[in-house]
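Understanding the architecture of this molecule
Here is what each chain is made of, one letter per residue.
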Amino acid sequence: MIHYGRHHLDEEDIQAVVDVLRSGSLTQGPAIDVFEQAVAKYVGAKYAVAVSSGTAALHLAALAAGVGPGKSLITSPITFVASANAALYVGGRPVFADIDPDTVNMSLGSLKEALAKNPDARAVVPVHFAGLPCDMPAIKLAADRAGAVVIEDAAHALGATYPDGSRVGSCAHSQMTMFSFHPVKAITTGEGGMITTNDESAYRKLLRLRSHGINKLDDPLMLPEQALVNGVRAPWYYEMEELGYNYRITEIQCALGLSQFRKLDKFIRRRRALVGAYDKALGEFRYCRPAQAEGREQSGHHLYTLRLKFKSLGVERARVMQTLREQGIVTQVHYVPVPMHPHYRRLGLNPQDYPNAQEYYEEALSIPLFFDLTDEQQKFVINALELACNFSRSPNRA
Ligand SMILES: Cc1ncc(COP(=O)(O)O)c(C=O)c1O
């Protein structure tokens, strides 16, 4: 099967995991720090907190940003449900800003409208769709004016750079950035996630929340008198300052993550080459275009998503997907717009309020893109897609 995305593992990764298994330390050991510091240094952020999943990272970031009852969180309708669920986990209200049809990222105009209509907005969560960075300086400015915190959902964007050359995750235009290490992402830890930040108080809060809300580092004690035995701090004493979680990541995962991380640039280079080949081959076909028109040079290239005018092509998307699947090619639609899900409809959201997202959803199809995809396999995918969609070549593209 040729999946739309999959991880790459080599002997070095396997050895890194074996080494941890032999080390005697399975969790809360040195690999976590080393992995966090490596990512923080690479993206150019002061701090990093590794957690058990990207979803946990979003949950903790929403808490640290102060989203909660009576507050809303604005994100994109074209994302994985986790981006919006973060608002619900903390008792906040999810709000959506429609996408820009050329980038599939949150549109600045829609964000400004959403901020104006929702003065309770506490956080803005732009999603770097498929690894293409959002216009962060503009988003940050709009959020600042409304008194909202920016949390970047960079689940797709580890290794991507902003137009000014700085890396996604540097938090130059946000308080926090989160990453996911799910196996289809740029690098994997099996399950895992990370939050980067330059804000020391957010960092300390994230460290506590990751581990039950218990004091970390040299956090001042809230009830210091309880800690004292004959005037000296008791060695066993710890305080749970607030309600936190067990969102810790293991040493096993971090050792794998670190080994994978060393290959990140190589992974992205290959993805970029594959994207170039897809653009070239598919660019000649009518009613077919890459979903993200421009600016992908510095993308993380997590997905290769097409927009196909199925009606004009005279084929149904489900039929195309089925035909490809019969040939061992697995495609996917990223994503069902979040407001379409029953849970979100029950909350009163109406998908028709996001016309660009709806139109995109009608046309989207992600085709295989991953490090191990060979040139031959890619050609096979292109040919199979051409046949399944009855593409016609045209110099005047539709
Ligand atoms: C845009 C986006 N945000 C958040 C997540 C959640 O990450 P995880 O699967 O690691 O919990 C994902 C992952 O699937 C994602 O694609």
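Notes on the structure in this doc start here.

**Brief notes about the overall build of the protein chain**
Check the secondary structure of the protein chain and you find 15 helices and 12 strands. Computed over its C-alpha atoms, the radius of gyration of the protein chain comes to 22 Å, within 12% of the 21 Å expected for a compact globule of 398 residues. A burial count over the protein chain gives 56% of its 398 residues as buried. Considering only contacts in the protein chain between residues 6 or more positions apart, those separated by 24 or more positions represent 73%. Accessible surface, the protein chain as shown: approximately 17300 Å² in total, 53% of it carbon and sulfur. Looking at charge distribution, the protein chain has the averaged site of its 42 positive side-chain charges lying 3 Å from that of its 42 negative ones.

**Concerning the sheet that holds strand S10 (residues 288–290)**
Overall, antiparallel pairing links the three strands, which are arranged S10-S11-S12 in an open sheet. The strands lining the two open edges of the sheet, one partner per strand, are S10 and strand S12 (364–367). Neighbour to neighbour, the strand axes of the sheet diverge by 35° on average, direction disregarded. Summarising the sheet, strand S11 (residues 304–308) and S12 pair through four bridges and their orientation is antiparallel.

**A few points about the site of the ligand**
Around the ligand sit 16 residues in total, of which Gly54, Thr55, Asp153, Ser180 and Lys185 are the nearest. In the model, an oxygen atom of the ligand is placed 2.9 Å from a nitrogen or oxygen of the His156 side chain. Within the complex, the protein chains bury 93% of what would otherwise be the 390 Å² of accessible surface of the ligand. Taken together, the elements giving at least two residues each to the shell around the ligand come down to helix H3 (54–65) and helix H4 (82–89). Among the elements that make up the shell around the ligand, the one with the highest residue count is H3 (three residues). Tallied by class, residues from the shell around the ligand come to six nonpolar, eight polar and two charged.

**Concerning the pattern of salt bridges**
In this structure the tally under the stated criterion is 19 salt bridges. Across the salt bridge formed by Lys263 and Asp10, the nearest N and O atoms sit 3.2 Å from each other. Taken together, the residues Lys263 in the loop between helix H9 (251–261) and helix H10 (264–282) and Asp10 in the segment before helix H1 (11–23) connect sequence positions 253 residues apart. Measuring nitrogen to oxygen at the nearest pair gives 2.9 Å for the salt bridge that ties Glu363 to Arg307. With Glu363 in helix H14 (residues 355–363) and Arg307 in strand S11, this residue pair connects regions lying 56 residues apart in the sequence. Like Arg307, Glu363 is buried. One network of salt bridges, in which partners are shared, links Glu200, Arg204, Lys205, Arg208, Asp218, Asp219, Glu241 and Glu242.

**Regarding unusual backbone geometry**
Residue Tyr335 is reached from His334 by a cis peptide bond, and omega for that bond is 5°. Mapping Tyr335 onto the fold places it in the loop between helix H12 (317–326) and helix H13 (342–346). Phi angles above zero are rare outside glycine, and Cys171 is one such case at about 60°. Considering the arrangement of structural elements, one finds Cys171 in the loop between strand S5 (149–153) and strand S6 (176–180). Owing to a relative accessible area of 6%, Cys171 belongs among the buried residues under this scheme. Of note in this structure, Asn390 is not a glycine but carries a positive phi near 50°. Positionally, Asn390 belongs in the segment after helix H15 (375–389). Overall, Asn390 belongs to the exposed group, its relative accessible area being 52%.

**Some words on the packing of helix H2 (residues 30–43) against H9**
Following both chains from N to C, one finds H2 and H9 inclined at 35°, their axes separated by 8 Å at the closest point. Helix-helix and strand crossings are classified by hand; for H2 and H9 the assignment is left-handed. Where H2 abuts H9, its residues Pro30, Ala31, Ile32, Val34, Phe35, Ala38, Val39 and Tyr42 lie against Glu251, Cys254, Ala255, Gly257, Leu258 and Phe261. Split by residue class, the contact of H2 with H9 holds 12 nonpolar, one polar and one charged.

**Focus on H4**
Since the α-helix packs 3.6 residues into each turn, any two residues three or four apart lie on the same face. Across the eight residues of H4, six count as buried, placing the element largely inside the fold. Burial in H4 covers these residues: Ala82, Ser83, Ala84, Asn85, Ala86 and Ala87. One or two residues past the end of H4 sits Gly91, with phi positive at roughly 80°.

**Focus: the environment of Tyr344**
Here Tyr344 lies in helix H13. In this structure Tyr344 comes out as buried when scored by relative accessible area, which is 2%. Filtering out sequence-adjacent residues up to four positions away, Tyr344 remains in contact with Val81, Ala84, Asn85, Leu88, Pro94, Phe96, Val338, Pro339 and Leu349.

**Quick word on the packing of aromatic side chains**
Here the structure, examined in full by the defined rule, presents 12 aromatic pairs. Seen in terms of ring centroids, Tyr245 and Tyr247 are 5.1 Å apart; in terms of plane orientation they differ by 10°. Their pairing is stacked. For Tyr245, a relative accessible area of 24% corresponds to the partly exposed category. Owing to a relative accessible area of 18%, Tyr247 belongs among the buried residues under this scheme.

**Focus: the pairing of strand S3 (residues 93–96)**
Across four bridges, the pairing between strand S2 (residues 72–75) and S3 is parallel. Across the sheet, Leu73 pairs through a bridge with Pro94, a residue of S3. In terms of handedness, the path from S2 via H4 over to S3 forms a crossover that is right-handed.

Rules behind the numbers
Residues numbered from 1 in each chain as written. Predicted model: local features only at pLDDT ≥ 70, side-chain atom pairs only at ≥ 80, totals over all residues. Heavy atoms only, no water. Helix = DSSP H or I, 4+ residues; strand = E, 2+ residues; numbered from the N terminus. Rg over C-alpha atoms; globule rule 2.2 N^0.38 Å. Buried < 20%, exposed > 50% of the residue type's maximum accessible area, 1.4 Å probe, protein only. Contact = heavy atoms within 4.5 Å. Areas by Shrake-Rupley, 256 points an atom, 1.4 Å probe, with all protein chains shown as cover. Lys, Arg positive; Asp, Glu negative; His and termini not counted. Charge placed at Lys NZ, Arg CZ, Asp CG, Glu CD. Pairing = 2+ DSSP bridges. Axes fitted to C-alpha atoms, helices over the stretch in contact; angles between N-to-C directions. Near = heavy atom within 4 Å. Polar contact = N/O pair within 3.5 Å; in protein donor to acceptor, adjacent residues only side chain to side chain. Nonpolar A, V, L, I, M, F, W, Y, C, P; charged D, E, K, R; others polar. Salt bridge = Lys/Arg side-chain N within 4 Å of Asp/Glu carboxyl O. Left-handed = near helix turned anticlockwise from the far one by under 90°. Phe/Tyr/Trp six-rings, centres within 6.5 Å; stacked < 30°, edge-to-face > 60°. Right-handed = clockwise from strand over helix to strand, strands pointing away.

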